[in-house]
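Descriptive analysis of the structure
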Amino acid sequence: MKVGIPKEIKNNENRVGMTPAGVAAMTARGHEVFVQHTAGDGSGFSDDEYVGAGAKILPTIEDVYREAEMIVKVKEPIEPEYNLVRKGQLLFTYFHFACEKELTDAMLKSSAICLAYETVQLPNGTLPLLQPMSEVAGRMATLNGAYYLQKTKGGKGKLISGVPGVSPAKVLVLGGGVVGEAAARMAAGLGADVTIADISLPRLRQLDIETPANVHTLFSSSHNIRQQLPTVDIVIGSVLVPGDKTPHLITRDMLKIMEPGTVLVDVAIDQGGCFETSRPTTHSEPVYIEEGIVHYCVANIPGAVPNTSTLALTNATLRYALSLADKGWRKACQDDSSLAKGLNIVEGKVVFKAVADVFGLPYEPLAL
């Protein structure tokens, strides 16, 4: 199969869809891999490394889309790429369709096959292609929250760890999944007073046993969250409904009971966000202040640490990418029901129910 790795063009997105090691695995199986010139520079991988792994370097993004049968990316195509996507072309990347109507319409129009990393799901409910970036995003959420807690950045002027004789900052983590646990562990390691909230009692019991002593668990409800907000310093939103829009756990009226300079970090922003006042921001303009509250809502948090992120992502995606290249998307999905759950849009039809429901579009289950 002809596999294309274009350069990411989303704002400050320095990750790349595949490492040279991943390309070497592809070419060893007889596949042709086309990498756009300088696609890996932001992650620390040179064109020469890709050539050494057997790739062919193409000068433009248009060349890569034109040559490739399968496109392997990190982030969803954005407007300049819409017309490059061809009928029958397979796109394997993060899509997050549920909060992007324009993207959904464009991919429907293209008649491409859109296989989303974020909805590939194992029988036990694990999301194996979301997990590595969730681990990065969770850790980064805490670090960014601590940074913007500085007075010079609009925050309260608190050091997250405190010092002897001065209490540490209070961190509330909403959601006890991969992102939430990573954020809570990072905050705890920095010395913060951490509370992690979730609606699953079994998960709360597990977190209570496995996390450090300065992490406390809380059953998530609107009442319990409201009780925390007057004294909390950082809130990290990490709630996920796979493939669907995220519910708002903090509403606009709740901001009024929070102290000015409190920092909200919305890791769920690429699925619509879990704070009512959230709107997507970028690495070049990461924050804004609403009702005196600092909002950090960058949709590609792991893009700030692209070397780590690209390595972690390829570690997870490569086995699936190889299967798709070896067998074609239909046979690969027939053989692996977990991979089949990644199919969101196929040849002009929405085949993932949550996406259809969000936009009121016809849902057409795919018969493999």
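Rules and cut-offs
Residues numbered from 1 in each chain as written. Predicted model: local features only at pLDDT ≥ 70, side-chain atom pairs only at ≥ 80, totals over all residues. Heavy atoms only, no water. Phe/Tyr/Trp six-rings, centres within 6.5 Å; stacked < 30°, edge-to-face > 60°. Helix = DSSP H or I, 4+ residues; strand = E, 2+ residues; numbered from the N terminus. Buried < 20%, exposed > 50% of the residue type's maximum accessible area, 1.4 Å probe, protein only. Pairing = 2+ DSSP bridges. Axes fitted to C-alpha atoms, helices over the stretch in contact; angles between N-to-C directions. Contact = heavy atoms within 4.5 Å. Left-handed = near helix turned anticlockwise from the far one by under 90°. Nonpolar A, V, L, I, M, F, W, Y, C, P; charged D, E, K, R; others polar.

The subject of this paragraph is the packing of aromatic side chains. Evaluated as defined, the whole model comprises five aromatic pairs. With 4.7 Å between their ring centres and 85 degrees between their planes, Phe92 and Tyr117 make a pair best called edge-to-face. Pair noted here: Phe92 is in strand E5 (residues 90–93) and Tyr117 is in the loop between strand E6 (113–116) and helix H6 (131–148), with a separation of 25 residues, a long-range link. There is no split in this pair, since Phe92 and Tyr117 are both buried. Here the aromatic rings of Tyr148 and Tyr296 are separated by 5.8 Å at their centres, their planes lie at 40 degrees, and the arrangement is tilted. Here Tyr148, found in helix H6, pairs with Tyr296, found in strand E13 (residues 293–296); they are 148 residues apart in sequence, far enough to count as distant. Just as Tyr148 is buried, Tyr296 falls in that class too. By way of ring pairs, the aromatic residues Phe92, Tyr94 and Tyr117 are connected into one cluster.

What follows concerns the sheet that holds E13. Pairing within the open sheet is mixed, and its seven strands lie in the order E9-E8-E7-E10-E11-E13-E12. Only two strands of the sheet have a single partner each, and these edge strands are strand E9 (215–219) and strand E12 (287–290). Within this sheet the neighbouring strands show an average axis-to-axis angle of 20 degrees, counted without direction. Relative to E13, E12 runs antiparallel, the two sharing four bridges. Note that in E13 the partner of Val287 across the bridge is Tyr296. Packing of helix H7 (residues 178–189) onto the sheet brings it into contact with strand E7 (170–174), strand E8 (193–198), E9 and strand E10 (234–237), and relative to E8 it is tilted by some 170 degrees.

With respect to the helices, strands and loops of the structure, Ser167 is situated in the loop between H6 and E7. With 25 residues separating them in the primary sequence, Ser167 and Ala192 have C-alpha atoms 8.6 Å apart.

Quick look at unusual backbone geometry now. Its identity is not glycine, yet Asn12 carries a phi of approximately 55 degrees, on the positive side. Asn12 gets classed as partly exposed once you look at its relative accessible area, which sits at 38%.

Attention now goes to the packing of H6 against H7. Where H6 meets H7, the closest approach of the two axes is 7 Å, and the angle between their N-to-C directions is 40 degrees. For the crossing formed where H6 meets H7, the hand is right-handed. Residues Gln131, Ser134, Glu135, Gly138, Arg139, Thr142 and Leu143 of H6 form the contact with H7, whose participating residues are Val178, Val179, Ala182, Ala183, Met186 and Ala187. Broken down by class, the residue content of the contact of H6 with H7 amounts to seven nonpolar, four polar and two charged.

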